[in-house]
Amino acid sequence: MRLAVVGAGAVGRSVVELAGEYGHEVTAVADSSGAAIDPDGLDPDSVIEAKDRDGTVGPDDPEDALASAYDVLVEATPTTLGDAEPGFSHVRSALERDRHAVLANKGPVAERHGELREAERRSAGEIRFEATVGGAIPAVSTIEDFGPEHVTAARGVLNGTANFILTRMAAEGLGYEHVLSEAQDLGVAEADPSFDVQGTDAALKCVIVANVLSEGREFTLADADVEGIEEIPGSALELAAEDGRTVRLIGEATREGVRVGPRLIPEHGTLAVTGTRNIVQIETTHAGRLNLSGRGAGGPETATAVLSDVGRLD
């Protein structure tokens, strides 16, 4: 497959670097200020070097990348809320050209799912979005393989930053602000961590799963019941430990809705993953509960989910 990659952050760069290992060729890469385009295939090293040296992947117009010769658009720009732009327009442009689109960007799938599906119905192209939920964890494809009608719920730990903070608070008896500062120093938390610690990121992922389970009914972030971890005192984790329990930020998606918030769980239970690991539990009607755990973020990890989706389009 020929790929056009829009977005040159950690995920987009990793897709460019790894595409050849999966048998695909990158013919266009765009960031917010430039693009590199070659219908015969780009040299990944040259693209990355240009980005590091010049602050942009190339001299061409980013819009030209969308109109170039490719089979699959990889949408890896940052997630935005509300109108989900410019990611939504990028995907719609690809579908209008009867091309496929694979998203790592959560915004269009979570906030404009109905419009995205309508654009897909009018196109010869397909959309896929495994990478939007849990990085390398194959949550979406597992639900699709079982059949959404045979899945009653999905829940789990879906944000590595929040999970790292709660893990450290419990293990060391430290307060939230102290551990947040530590996480920022380590690069686990952003300078503005609100997207993660307020539960928004986990909620978007659960909204996407709810939409997969509930084709015909559309959920957005506004429909989710969301509570973050900012107000959890260290004493709450100490008290939980005395009772053999701990606290994790748990998201749950069903056909009825989405809930995200701190939950008391068994200290050594399946959901008590530590550090930045994620876990998704899928409740099925005939096969019981499935537990899928792994790295829920990171450039190479998320890129593997993107490239697995590309492979499903062959």
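Everything here concerns the structure above.
Just so it is clear, the structure is predicted and the values come from calculations on it, not from any experiment. Going along each chain's sequence as written, the residues are numbered from 1 onward. Per-residue local features of the predicted model are confined to residues with pLDDT of at least 70, and side-chain atom pairs are confined, for both listing and counting, to 80 or more; whole-chain, interface and lining totals are unaffected and use all residues. Note that the side-chain values use all heavy atoms of the structure and ignore hydrogens as well as water.

Undergrad: Which residues make up the packing of aromatic side chains, and what values go with them?
TA: Any two of the Phe, Tyr and Trp rings considered here, Trp counted by its six-membered ring, make a pair once their centres fall within 6.5 Å; the pair's planes then place it as stacked at under 30 degrees, edge-to-face at over 60, or tilted in between. Within this structure, the stated rule accounts for zero aromatic pairs. As a reminder, the over-ring test applies to NZ of lysine and CZ of arginine, requiring each to be within 6 Å of the ring centre and within 35 degrees of the ring normal. Lying over the aromatic face of Tyr70, Arg99 brings its terminal NZ or CZ to 4.6 Å of the ring centre. Taking the ring centre of Phe88 as reference, the NZ or CZ of Arg112 above it sits at 3.8 Å.

Undergrad: Report on the packing of helix H1 (residues 10-18) against helix H2 (residues 44-54), specifying residues and quantitative values.
TA: Helix axes are fitted to C-alpha atoms over the stretch in contact, other axes to C-alpha atoms as well, and angles between N-to-C directions run from 0 to 180 degrees. Here a helix means four or more residues in a row that DSSP labels H or I, a strand means two or more in a row labelled E, and each is numbered from the N terminus. Relative to each other, H1 and H2 sit at 155 degrees, their axes nearing to 8 Å. Considered as vectors, H1 and H2 are oriented roughly antiparallel to each other. Seen from above, H1 lies across H2 with left-handed handedness. Contacts between H1 and H2 involve Arg13, Val16 and Glu17 on the former and, on the latter, Pro44, Ile48, Lys51 and Asp52. Amino acids outside the nonpolar list (Ala, Val, Leu, Ile, Met, Phe, Trp, Tyr, Cys, Pro) and the charged list (Asp, Glu, Lys, Arg) are all regarded as polar, and Gly is one of them. Classifying every residue of the contact of H1 with H2 gives three nonpolar, no polar and four charged. These descriptions rest on fixed angle ranges, namely under 35 degrees for roughly parallel, over 145 for roughly antiparallel, 65 to 115 for roughly perpendicular, and the rest for oblique. Helix crossings fall into two classes, left-handed where the near helix is turned counterclockwise from the far one by less than a right angle and right-handed where it is turned clockwise. Contacts were defined at the residue level, with two residues in contact if any of their heavy atoms lie within 4.5 Å.

Undergrad: Pulling in residues and values, what's your account of empty space enclosed by the protein?
TA: Lining residues are defined by having an atom within 4 Å of a point belonging to a cavity or pocket. Those points lie on a 1 Å grid over the protein atoms alone, cavities being sets where a 1.4 Å probe fits but cannot get out and pockets being open sets with protein on both sides within 12 Å along at least five of seven lines. Grid points are joined across faces, edges and corners, and a volume is the space filled by probe spheres set on the points. Across all of its chains, the model carries one cavity of 30 Å³ or more by this definition. Here the largest cavity is characterised by a volume of approximately 50 Å³. As for the largest cavity, its lining consists of Val133, Ala154, Arg155, Gly156, Leu158, Lys205, Cys206, Val209, Gly251, Ala253 and Val280. Residue assignment for the lining of the largest cavity shows that the elements contributing at least two residues are strand S7 (151-157), helix H11 (200-213) and strand S9 (245-253). For the lining of the largest cavity, the per-class residue count stands at seven nonpolar, two polar and two charged.

Undergrad: Got a sec to walk through a negative patch on the surface? Specific residues and values, please.
TA: Together, Glu177, Asp225, Glu227, Glu230 and Glu231 give the surface a local cluster of negative charge. Structurally, Glu231 is set in the loop between strand S8 (225-226) and helix H12 (234-242). Buried residues are those whose accessible area, probed at 1.4 Å on protein chains only, stays under 20% of the maximum for their type, while exposed residues exceed 50% and partly exposed ones sit between those limits. Since its relative accessible area comes to 71%, Glu231 is described here as exposed. What makes a patch is a set of residues exposed beyond 30% relative accessible area and free of salt bridges, joined within 9 Å when like-charged and within 5 Å when nonpolar (Val, Leu, Ile, Met, Phe, Trp, Tyr). Here the Shrake-Rupley method, with its probe set to 1.4 Å, supplies the accessible areas, and only the displayed protein chains count as covering residues. The rule for a salt bridge is simple: a side-chain nitrogen of Lys or Arg has to be within 4 Å of a carboxyl oxygen of Asp or Glu. We score Asp and Glu as negative and Lys and Arg as positive, and we do not count His or the chain ends. In this description, the location of a charge corresponds to atom NZ of lysine, CZ of arginine, CG of aspartate or CD of glutamate.

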